[in-house]
Protein chains: 2
Amino acid sequence: MLSIFSYNATEYNSKEHSVTEQVPAKVDMEKLVSLCQRRGFIFPSSEIYGGLSSCWDYGPLGVELKRNIKQAWWRAVVQERDDMVGLDASILMHPQTWEASGHLKGFTDPLVECKSCHLRWRALGPIEEEASVVYLRPETAQGMFVNFQNVLNTTRKRLPFGIAQIGKAFRNEITTGNFIFRSREFEQMEIEFFVKPGTDKEWFDYWLEERFNWYVKLGIKKENLKLRQHMKRELAHYAKACYDIDYLFPMGWAELEGIANRGDFDLVQHAKYSGKSLTYLDEENKEHIIPYIIEPSAGVDRSALAFLCDAYDEELAEGELRVILHLHPSLAPIKVAVLPLSRREKLVAVAKQIYADLRQCWMVSYDDAQSIGRRYRRQDEIGTPFCVTIDFQSLEDEQVTIRERDSMRQIRLPIDVLKPTLEAKLKGEPLDILPRGGSYWLGFK
Amino acid sequence: MLSIFSYNATEYNSKEHSVTEQVPAKVDMEKLVSLCQRRGFIFPSSEIYGGLSSCWDYGPLGVELKRNIKQAWWRAVVQERDDMVGLDASILMHPQTWEASGHLKGFTDPLVECKSCHLRWRALGPIEEEASVVYLRPETAQGMFVNFQNVLNTTRKRLPFGIAQIGKAFRNEITTGNFIFRSREFEQMEIEFFVKPGTDKEWFDYWLEERFNWYVKLGIKKENLKLRQHMKRELAHYAKACYDIDYLFPMGWAELEGIANRGDFDLVQHAKYSGKSLTYLDEENKEHIIPYIIEPSAGVDRSALAFLCDAYDEELAEGELRVILHLHPSLAPIKVAVLPLSRREKLVAVAKQIYADLRQCWMVSYDDAQSIGRRYRRQDEIGTPFCVTIDFQSLEDEQVTIRERDSMRQIRLPIDVLKPTLEAKLKGEPLDILPRGGSYWLGFK
């Protein structure tokens with residue numbers, strides 16, 4: 001039998017990670033929550049049962065957004081780097097892990113009252129053996145520390161190098177609310193970057209900049225991000241230094257990602273508790289050293305919220321309110337929508353062919369309901385960067401219209417250059433318009 | 001405070017999903033486990049603490065394999081289909097979910113003995129309120145059932161359509177062992193496909209074939225797969241019919257994926273317990289119906305094990321034992337290895353440039369340690385489909401050698417066609433060899 005305990009966020013921890021400065025909201029959280037629920041980004045968990053407090057389900061669009069965020073992170077920190085490898089440690093870990101990490105006393109410690117003598121006892125009492133107790137991890141980090149030697153031995157990486165991991169973690173939160181900002185179950189994207197002591201300050205600064213720029217590259221406005229240094233009393237027990245990348249959420253400035261200098265705390269602790277050597281042979285000086293660790297720790301859910309908030313916009317277009325998610329193309333759940341102007345058989349045949357063809361490359365949506373204007377609005381609202389419209393002229397000239405979400409600019413181009421054009425546009429490659437017969441983008445004449 | 005309980009696999013369930021027929025092993029499990037650990041595919045969880053029974057950590061190569069399996073599944077069942085959407089429901093769900101599903105009595109029910117009067121009490125006793133009890137889901141399926149109306153409302157899908165989900169699930173297993181075949185914590189890839197009653201038999205057959213072929217397309221040998229119908233006494237309480245796709249694992253034939261016809265059991269139960277209507281308006285006949293559900297349920301870990309077993313091969317090459325993983329290119333953790341023939345500066349500069357360039361597209365490895373033969377062997381052993389060797393001649397003719405893993409065939413080709421050639425080869429497009437000067441593949445002359 002297995003008893004499972006979850007970690008209680010302390011009041012201090014909750015506060016530490018809360019709103020750091022309240023400012024007038026630029027995006028209305030209520031509107032965003034409503035959009036997310038109406039369009040299938042995010043639902044309350046187990047909603048038909050009244051929901052489960054602080055748990056959320058990602059719907060058809062939300063799951064794609066989350067997948068895209070994770071993929072963009074993995075690509076940037078693992079695939080494109082020579083000094084990083086991935087890992088996927090299990091959520092359940094050996095209980096001693098949490099003794100070593102200093103988390104143990106924070107876990108739920110359920111008390112049971114004896115109905116007979118009214119004494120209170122811990123459920124961790126005489127019947128349960130120690131080995132049958134496991135804990136739901138409150139952070140993914142420990143999985144990387146305990147695998148330090150495994151990674152070192154199997155990859156033959158030399159310092160500096162890092163381990164990157166995406167995975168679920170759980171905390172009993174005291175202060176919840178603010179949509180997916182803080183939840184009992186959340187997904188982390190964490191890096192543990194191992195460096196030679198003495199170079200830690202330099203690597204700390206490197207990662208601070210690197211991670212800040214990642215958000216900017218993916219479309220977050222610079223003015224909505226700021227760095228905030230932890231004061232000494234805020235520092236976690238393992239941290240030598242810590243900065244938060246704060247984002248201007250609807251409820252104010254609050255932590256989006258934390259970058260901590262954990263020093264040698266974790267490897268020292270796990271070496272002590274496991275009795276295993278967790279040192280690194282520095283071949284230059286022929287000495288065993290304990291690396292320092294720089295930890296950029298981001299949240300998938302929090303990132304999703306920030307990307308949604310930052311992308312949200314309203315404008316008046318042709319006398320109507322246009323709601324747009326200006327999501328970066330690589331994050332947009334749907335890349336292209338295929339819209340036949342009518343449901344006439346011949347038009348549908350062409351549209352379905354294009355749809356099937358594009359779906360080989362991307363998540364693509366097909367919509368033939370209501371007016372074309374309505375359909376554009378529906379796609380704008382979920383952040384689809386491009387719409388492809390097939391009209392009756394398409395049957396004659398084998399050209400279609402592409403409409404860009406942000407500029408609402410429309411151009412016609414031959415069907416046979418549609419895919420490479422979209423490919424280039426989705427990568428953000430600039431393609432000028434060349435007016436020439438049915439005008440289309442330069443480079444695919 | 002939150003009490004969390006996990007699901008106890010019953011003896012019957014464990015048996016049901018166990019080895020169904022023992023046959024002489026073609027692949028040695030011990031060898032596979034050893035390779036996985038030595039090269040960084042899979043480690044015992046929390047290994048420095050002696051491991052946590054039946055939990056596993058995926059190392060740098062294992063995490064890529066797993067990502068590729070999940071990506072191939074998502075692409076096949078969500079991206080490329082018009083009748084499927086994704087979902088990512090939280091692991092923690094409202095407790096009533098498990099009453100409705102029929103799982104409740106299977107969860108851990110810890111007993112506590114009062115040290116004073118020696119009576120035994122449930123930890124679910126007077127102090128814990130009902131609402132503070134949550135369960136670790138034993139399957140991802142329920143998240144899709146409870147979101148049926150949410151998906152229907154937000155996507156406007158019509159029957160037949162499906163919801164697909166990848167996520168962790170947990171069971172206290174009675175019979176464990178056999179590496180990652182059965183673990184306490186595992187990852188599922190589940191589809192719930194909603195159909196009109198009466199069409200369920202037809203859709204059941206469709207999914208059986210579709211899922212069988214998915215494994216074959218990704219390289220599993222047909223003779224190592226077979227369909228096995230559940231006998232009546234084997235059927236789960238919700239199932240009208242069930243087939244397993246069995247794979248010939250080293251320990252014998254055992255379940256790789258189950259395809260069940262769940263009838264209307266789940267929607268009826270959740271409607272009953274939630275008081276919400278979970279019907280579908282059939283516009284053709286203007287009546288509200290309760291869809292039937294076909295469920296193809298696969299395991300990520302089990303798939304990983306099957307792909308590894310099926311890919312494992314040993315052969316004598318040049319008098320030496322060559323261990324090869326014949327992994328499908330889309331599943332291989334590393335797609336290309338870049339190998340400079342020596343560590344001379346000029347060679348390294350070219351090799352590093354190619355390495356940086358290819359890494360924009362794929363997971364690429366760089367190896368300059370020991371002889372080229374050794375390096376080929378190292379890549380064969382982890383299933384890298386292509387090696388690119390840069391030699392001194394490369395500095396003069398700007399050509400490099402590509403070596404194919406399976407055939408060990410080597411050809412030279414110009415550096416500037418390297419990327420498109422690899423792109424085509426990795427997609428499995430046939431490119432013949434054209435002998436012409438330094439010979440290279442046709443199509444990129």
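Placed above this text is the structure.
About the criteria used
Residues numbered from 1 in each chain as written. Chains lettered and ligands numbered in written order. Predicted model: local features only at pLDDT ≥ 70, side-chain atom pairs only at ≥ 80, totals over all residues. Heavy atoms only, no water. Pairing = 2+ DSSP bridges. Helix = DSSP H or I, 4+ residues; strand = E, 2+ residues; numbered from the N terminus. Axes fitted to C-alpha atoms, helices over the stretch in contact; angles between N-to-C directions. Left-handed = near helix turned anticlockwise from the far one by under 90°. Contact = heavy atoms within 4.5 Å. Nonpolar A, V, L, I, M, F, W, Y, C, P; charged D, E, K, R; others polar. Disulfide = S-S within 2.5 Å. Buried < 20%, exposed > 50% of the residue type's maximum accessible area, 1.4 Å probe, protein only. Patch = residues over 30% accessible without salt bridge, like charges linked within 9 Å, V, L, I, M, F, W, Y side chains within 5 Å. Areas by Shrake-Rupley, 256 points an atom, 1.4 Å probe, with all protein chains shown as cover. Salt bridge = Lys/Arg side-chain N within 4 Å of Asp/Glu carboxyl O. Lys, Arg positive; Asp, Glu negative; His and termini not counted. Charge placed at Lys NZ, Arg CZ, Asp CG, Glu CD.

*Asks:* What is the right way to read the sheet that holds strand 22 (residues 399–404) of chain B from this model?
*Replies:* The pairing of strands in a sheet comes from backbone hydrogen bonds and takes either a parallel or an antiparallel form. Residues and elements named next belong to chain B. Taken together, five strands build an open sheet; the order of strands is 20-19-21-22-23 and the sheet is mixed. Taken across any chain shown, the strands that pair with only one partner, and hence form the sheet edges, are strand 20 (364–366) and strand 23 (410–414). The average angle at which neighbouring strand axes cross in this sheet is 25 degrees, direction not considered. For strand 19 (residues 336–340) and strand 20, the ladder comprises three bridges, and the chain directions are parallel. Paired with Ala337 across the two strands is Ser365, which belongs to strand 20.

*Asks:* Looking at this structure, how should I read the packing of helix 2 (residues 29–39) of chain A against helix 11 (residues 372–382) of chain A?
*Replies:* For any two helices packed against each other, one specifies the inter-axial angle together with the distance between the axes. Residues and elements named next belong to chain A. Between helix 2 and helix 11, the least distance of the axes is 11 Å, while the angle of their chain directions is 115 degrees. Classified by chirality, the crossing of helix 11 by helix 2 is left-handed. Listed contacts from helix 11 to Leu35, Arg38 and Arg39 of helix 2 are Arg378, Glu381 and Ile382. Broken down by class, the residue content of the contact of helix 2 with helix 11 amounts to two nonpolar, no polar and four charged.

*Asks:* Sorry if this is basic, but what is going on with the state of the cysteines here?
*Replies:* Across all of its chains, the model carries zero disulfides over all chains by this definition. Looking at Cys361(B), it has no disulfide partner, and the nearest cysteine sulfur is the one in Cys361(A), 14 Å off. Classification of Cys361(B) as partly exposed rests on a relative accessible area of 32%.

*Asks:* When you look at the side chain of His94(B) in this model, what are you seeing that I'm missing?
*Replies:* Along the chain, the position of His94(B) falls in the loop between strand 5 (84–87) and helix 4 (96–101). Setting aside anything within four residues of it in sequence, one finds His94(B) in contact with Ser46(A), Tyr49(A), Gly51(A) and Leu52(A).

*Asks:* What's the story with a nonpolar patch on the surface in this structure? I'm lost.
*Replies:* A cluster of nonpolar side chains, namely Leu341(A), Phe392(A) and Leu395(A), defines an oily patch on the protein surface of about 230 Å² accessible area. Judged by relative accessible area, which is 36%, Phe392(A) ranks as partly exposed.

*Asks:* Explain a negative patch on the surface here, please?
*Replies:* Side chains of Glu423(A), Glu429(A), Glu423(B) and Glu429(B) sit close together on the surface and give a patch of like negative charge. Its place among the elements puts Glu423(A) in helix 13 (residues 418–426).

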